[in-house]
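Geometric and topological summary
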Amino acid sequence: MRIATTQYQATLGRSLELNQTMASRISQQMSTGRNILVPSDDPVTNVRISRLTREESIVGQYRENIASVKIRLTKNESYMTGMVGDLHAAHDLLVWAADGSNTPDDLKSMVGSLEALRDSILYNANTRDQEGKYIFAGTAVTTKPIEFDGTTYSFAGNADEQKVVVGNGITQTVNVDVSGVETVLNDLNTAIEALRNTTTDSSHDPLKSVLSNTMASVESAQEALAAKIAKFGGAQNVLTTLDGNHANVSLSNKTAMNDLAQLDYGVASTELAGYNMALQASYQSYSKISNLSLFNVL
């Protein structure tokens, strides 16, 4: 059987090319730590990794949304807690004013404190975020929630809800309105004017009735705001639990992706050594066969 020079050169060339390619590929795998460098390396595993990557991206977005919502709810709770505190202080002043032992001058001296509390409640109700949007106007974020025309306070926002997706099919309302606060502000205004202009103590009408009605209005507003604050607390607990669940899912996804894509360095090292050995053998074979000649036999 005769073996042509071009035949053995082509065969050895293919062997060298194959071994060099495989050695280079394994070296690249070891440098990156990844078992799959291109999708064609393992199409089935690559599809599984792609699905896990997509799911991890979605879970990551959920967690970012939860973090943003929790910050917003905390701010809302803080401002509303401030309003409740102001209403509590106003209620204490009204109770004091309702004491019949106060003289008209004593009652008039309470006007300044009540005005400051009223203005503080209004300021908190019309609070804006860092983007200049009103946070207590429902979805009408460019409209001041509580308007004052010089005589009467009115609510100019709406009660619509803005929801953010925080899970698969799960949403959380992130906005809140202060409808009803305008009523207590108007009642406080009425009480302030009554105290400012009184000529009798608080045991006589109409001042007695005005103070009684205003105290009832303040209590009602406190209860309404406290209920909204309680919802914030419940939402925070739910979001914390949900975020923990997302974190567990994320950890599972990352572990699975790592197991699928991570290179086994022990196996890779063995394979690389084998291909390097095959390369050396191919070079030696090529060298020896190239030196074969009939003239050496003669």
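Below is a summary of the structure that appears in this document.

Conventions adopted
- Residues numbered from 1 in each chain as written.
- Predicted model: local features only at pLDDT ≥ 70, side-chain atom pairs only at ≥ 80, totals over all residues.
- Heavy atoms only, no water.
- Helix = DSSP H or I, 4+ residues; strand = E, 2+ residues; numbered from the N terminus.
- 1 Å grid on protein atoms, 1.4 Å probe; cavity = no way out; pocket = protein on both sides within 12 Å on 5 of 7 lines; lining within 4 Å.
- Points joined across faces, edges and corners; volume = space filled by probe spheres on them.
- Nonpolar A, V, L, I, M, F, W, Y, C, P; charged D, E, K, R; others polar.
- Salt bridge = Lys/Arg side-chain N within 4 Å of Asp/Glu carboxyl O.
- Buried < 20%, exposed > 50% of the residue type's maximum accessible area, 1.4 Å probe, protein only.
- Phe/Tyr/Trp six-rings, centres within 6.5 Å; stacked < 30°, edge-to-face > 60°.
- Pairing = 2+ DSSP bridges.
- Core = buried A, V, L, I, M, F, W, Y, C linked by side-chain atoms within 4.5 Å.
- Contact = heavy atoms within 4.5 Å.

What follows deals with unusual backbone geometry. For the peptide bond that leads from Asp205 to Pro206, omega is 10 degrees, which places it in the cis range. On the secondary structure map, Pro206 appears in the loop between helix H5 (181-196) and helix H6 (207-261).

Approximately 450 Å³ is the volume found for the largest pocket. Every residue lining the largest pocket is counted, 20 residues in all, and those nearest its centre are Ser68, Arg72, Asp129, Gln130 and Glu131. Its residues placed into classes, the lining of the largest pocket shows eight nonpolar, six polar and six charged. Volume-wise, the second largest pocket comes out at about 280 Å³.

Attention shifts here to the pattern of salt bridges. Inspection of every chain in the model, using the stated rule, returns seven salt bridges. Here Arg196 and Glu193 are joined by a salt bridge, their closest N and O atoms 3.1 Å apart. One end of the pair is Arg196 and the other is Glu193, both in helix H5 and three residues apart, which spans about a single turn. Look at Glu193 and you get partly exposed, because its relative accessible area is 37%.

Counted according to the given criterion, the structure contains one aromatic pair. Ring geometry for Phe148 and Tyr153: centres 4.2 Å apart, planes at 25 degrees, overall stacked. The partly exposed category is assigned to Phe148, whose relative accessible area is 39%.

What follows deals with the pairing of strand S4 (residues 170-173). In the sheet, strand S3 (residues 163-167) pairs with S4 via four bridges, with the strands oriented antiparallel. Among the inter-strand pairings, Gly167 is bridged to a residue of S4, identified as Ile170.

Ranked by internal contacts, the top residues of the largest apolar core, which has 47 residues, are Met80, Met83, Leu94, Val178 and Leu195. When residues of this core are traced back to their parent elements, those giving at least two are helix H2 (43-97), helix H4 (111-125), S3, H5 and H6. Among the elements that take part in this core, H6 stands out by supplying 12 residues, more than any other. What Met80 contacts, discounting residues up to four positions off in sequence, is Phe136, Val176, Asp177, Val178, Leu225, Lys228, Ile229 and Phe232.

When you line up the elements, Asp92 lands in helix H2. What makes Asp92 partly exposed here is its relative accessible area of 41%. As for Asp92 and Met215, which are separated by 123 residues in sequence, their C-alpha atoms are 9.0 Å apart.

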